[in-house]
Amino acid sequence: MDENSLYNTIIVNRSRAPLHAGVVERATRLGQGTNPLCGDRVRLSVRTEKEEIENLLHETRGCAICIASTDLMAEAVTGRTVADALDLARQFTDMLENGSSMVETADAAMPDALRAFLPLRTHRSRLRCATLPWTALEEALDHD
Amino acid sequence: MSVSGSEIISADLSGLRAQFPILSQKVHGKPLVFLDSAASAQKPDVVIDGMARMMRSQYANIHRGLHWMSERSTEAYEAARTRIAEFLGAEFREEIVFTHNSTEAINLVAYSYGSLINPGQAVLISEMEHHANLVPWQMLRDRAGIELRVAPITDSGDLDLDAYGELLADGKVALVAITHMSNVLGTITPAHRLIEMAHAVGAKILLDGSQAVVHRRVNVRELDADFYTFTGHKLYGPTGIGILWARRELLDAMPPFMGGGDMISSVTFEKSTWAPIPAKFEAGTPAIVEAVGLGIAIDWVEAIGFDAIAAHEAALTKHALNVLSEVPGLSVVGQPRHRGGVISFTMDDVHPHDIATLLDRNGIAVRAGHHCAEPLMRRLGLTATARASFAVYTTEHEIDVLASTLRRIRQFFV
Ligand SMILES: Cc1ncc(COP(=O)(O)O)c(C=O)c1O
C-alpha cells in the first residue's frame, strides 16, 4: 500500500503494541481527552516529582493514530519538566495545524518520533486523533 | 443464456455513470470509488445544468414581482411542488412544504405540531433514529413537559414490534416519529404496520424518509401516513432543499414555524394573519433554484424507475454482503429483514477511522463514525462503524475494489 507515509512503521507498531499503556500507581495528576465525533478516549495518569514527569501511562480507546500518538507522547514527555512538556504540546499542535514551512526547521527539541505525524497535515479531518492525547496532557498538567 | 434483471441494469449503468461528471475524478491518483451516497448523493448533469440554466435565463424572486421574470420563476418553483406532490402520491399539492432539509422539516413539525400536543401526552421514537429525528423531540420534551418514549430494536437491527405495541398501549402517545429506513443499519421499517398500530390508538405518525425515498417508491396516501419528510441532496438533487408532506387538515391546524415575508395574509402592528398553506410555512425567500433542481432530480429518478433502482441496489447489496463476509475479521453490523443499500461494518483490530483513511488513500470514499446516531451506537455496543452505501451509479466492480482493499488494510494491521 502507498499509505506508508501516514501509517508508517512506528505508528502501526505503537498502535498494535503500545509500550506505555496502563495506570501509574500513586499518580499525582490525571487527564482525559475525548473526541465526541468518534468516541475516541484517552486517559492519562501521571506521577510528577518536583515539577518533573517521572512516569506517565495511558489507557486509550481509539484509532491507530490516536493510540500511537498517545504512546509516543508518553515517551517524549517522561523525564521532562511540566513546563517543558506543555511547551512540547504547543509545538506539536502547531506543527500539525500550521502547515507552514517553518515546520521542517522546527525546534530541535521536537523528537523525531513525533515528526511521524507530519503527513497528517494533508489529512486535516484526522488531526484531532493525534492531538487528543496532548489535550489530555494539558488537562493533567494545567490543573493541580 | 438467461439474462437476469441486474445484468440488464448493469449494462445500462455505464451510460448512467457518464451522466455524473464527478465520478470520473481521481482521488489521490486513483479512480474515485464513491460509496458514501447515503450521506449525500452525487448529482447528474441534468440537475447541474438545469439549475445553471434557470439562473442564466429565467430567475427572479417568486410570488413578489409583477414582472415576467418573477412569473417564470414562480411557475418553475410551483411546478416543482406539483412534481413532488405527484412523486409522494399526495392528494393536494398544498400539502408539500419546502424546507431546507429533512432536519428543518422535522423541527417544523416538532415546533408547530408539537405545540398542539398536551403536557402528559407522549411522542414515540425508536432506538435507530438519526439525531435529526431525536434531538427536536428532546427539545419539545424539555420545553413542553411531553414524555419522550423510545421503541427498542432487536439484536438483528429490526424494530421490536411487540415493544412498539406496548409503548402505544396506554393511549398517551400523540405522535410517533420513526425512520422509514435506517442510515446506519439499512433497515427498512414496516411502515404500513407502524402506521396501522399508531392509528389504532389514535396517534399520528411521522416517517423520516430521508433514506427511504432514494431506494423505493413511497406513496403517502397509500401508506396512510400523517407526516413524511425527506431531503433533496440524498435524492440526486441539490443541498438546501427539503420536503415536509403532511395531511392538509394537520397543516391547516398548525401554527406557523417562522414568521416573516410571504407567510402572512395581512400585517398590522397589532396583529398578523397567516397565509393559507403551504405559504404559511415558507417564510422568507425559499430555496428557489434548489426546489427546481429537486424537481429535475425526481424526473430523472422516475425515468430510471424505482423497479430498476430497487433491483440494482438489491443485487449490489447481496453481492456486497457476500464479498464482505469473506474479508477476514470483518463483521457487518445488523441483519435486518429488509434492507436498503447501506452496510455498516467493523473490522477486528482496525478502527473505523483508520479504515476510512486507508480506503481514502485508495480513492474509496466511505463514512466512518457514529453516523449522527449516537444512541444507536451505544445500543449496539459500538463507538463507531465504517459504512458503505450504494446509489444507482454504484457498480459491482467498485464493491470488489472495496473488499480487496479492506483485505489489504487488515493485513497491514495484523
Ligand atoms: C435517516 C436520516 N434522517 C435525517 C437525516 C438528515 O438529513 P439532512 O441533514 O439533510 O437534514 C439524514 C441524513 O443525514 C438521515 O440519514
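About the thresholds
- Residues numbered from 1 in each chain as written.
- Chains lettered and ligands numbered in written order.
- Predicted model: local features only at pLDDT ≥ 70, side-chain atom pairs only at ≥ 80, totals over all residues.
- Heavy atoms only, no water.
- UniProt positions renumbered as here; feature names shortened; annotations may be inferred.
- Domains from an automatic or database assignment.
- Contact = heavy atoms within 4.5 Å.
- Buried area = accessible area lost by both parts, 1.4 Å probe.
- Salt bridge = Lys/Arg side-chain N within 4 Å of Asp/Glu carboxyl O.
- Helix = DSSP H or I, 4+ residues; strand = E, 2+ residues; numbered from the N terminus.
- Expected span 1.5 Å × (residues − 1).
- Bend = angle between axes of the 7 residues up to and from the residue.
- Buried < 20%, exposed > 50% of the residue type's maximum accessible area, 1.4 Å probe, protein only.
- Axes fitted to C-alpha atoms, helices over the stretch in contact; angles between N-to-C directions.
- Parallel < 35°, antiparallel > 145°, perpendicular 65-115°, else oblique.
- Left-handed = near helix turned anticlockwise from the far one by under 90°.
- Nonpolar A, V, L, I, M, F, W, Y, C, P; charged D, E, K, R; others polar.
- Near = heavy atom within 4 Å.
- Polar contact = N/O pair within 3.5 Å; in protein donor to acceptor, adjacent residues only side chain to side chain.
- Areas by Shrake-Rupley, 256 points an atom, 1.4 Å probe, with all protein chains shown as cover.

Under an unreviewed UniProt entry, the name given to chain B is cysteine desulfurase, and the source organism is Acetobacter oeni. Under the UniProt heading Catalytic activity (unreviewed entry), the entry covering chain B gives this text: "(sulfur carrier)-H + L-cysteine = (sulfur carrier)-SH + L-alanine". UniProt's Cofactor (unreviewed entry) comment on chain B is quoted here verbatim: "pyridoxal 5'-phosphate".

Per an unreviewed UniProt entry, the recorded name for chain A is Iron-sulfur cluster assembly scaffold protein, and the organism is Acetobacter oeni.

Caption draft 1: A look at the domain arrangement of chain B. Residues and elements named next belong to chain B. On domain assignment, one finds that chain B holds domain 1 (5-43 + 305-413) and domain 2 (49-302). Each partner contributes to the interface: domain 1 provides 40 residues, whereas domain 2 provides 35 residues. Interface area for domain 1 against domain 2, summed over the two sides, is near 3,000 Å², with a carbon-plus-sulfur share of 55%. The salt bridge partner of Arg379 is Asp155, with a shortest N-O separation of 2.9 Å.

Caption draft 2: Broad picture of helix H5 (residues 127-142) of chain A. Residue and element names in this part refer to chain A. Under the 1.5 Å per step criterion, the end-to-end length of H5 is 22 Å for 16 residues, consistent within 8% with the ideal 22 Å. Largest kink in H5: about 25 degrees, centred on Pro133. Buried within H5 we find Leu127, Cys129, Ala130, Thr131, Leu132, Pro133, Trp134, Ala136, Leu137, Ala140 and Leu141.

Caption draft 3: Molecular detail of the packing of helix H13 (residues 352-361) of chain B against helix H15 (residues 396-413) of chain B. Residue and element names in this part refer to chain B. The geometry of H13 relative to H15 is characterised by a closest axis approach of 10 Å and an angle of 120 degrees between their N-to-C directions. Here H13 lies oblique to H15, going by the angle between them. Note on packing geometry: the crossing formed by H13 with H15 is right-handed. Taken together, the residues of H15 that come into contact with H13 (itself represented by Asp354, Ile355, Leu358 and Leu359) are Leu402, Thr405, Leu406, Ile409, Phe412 and Phe413. In the contact of H13 with H15, the residues fall into 8 nonpolar, 1 polar and 1 charged.

Caption draft 4: Representation of the site of the ligand in the model. Residues and elements named next belong to chain B. Around the ligand sit 13 residues in total, of which Thr103, Asp208, Thr231, His233 and Lys234 are the nearest. Between Ser102 and the ligand, the recorded distance is 3.2 Å, taken from a backbone N or O atom to an oxygen atom. His233 is positioned such that a nitrogen or oxygen atom in its side chain is 2.7 Å from an oxygen atom of the ligand. When the free accessible area of the ligand is taken as 400 Å², the share hidden by the protein chains comes to 88%. Among the residues making up the shell around the ligand, the classes are represented as 1 nonpolar, 10 polar and 2 charged.

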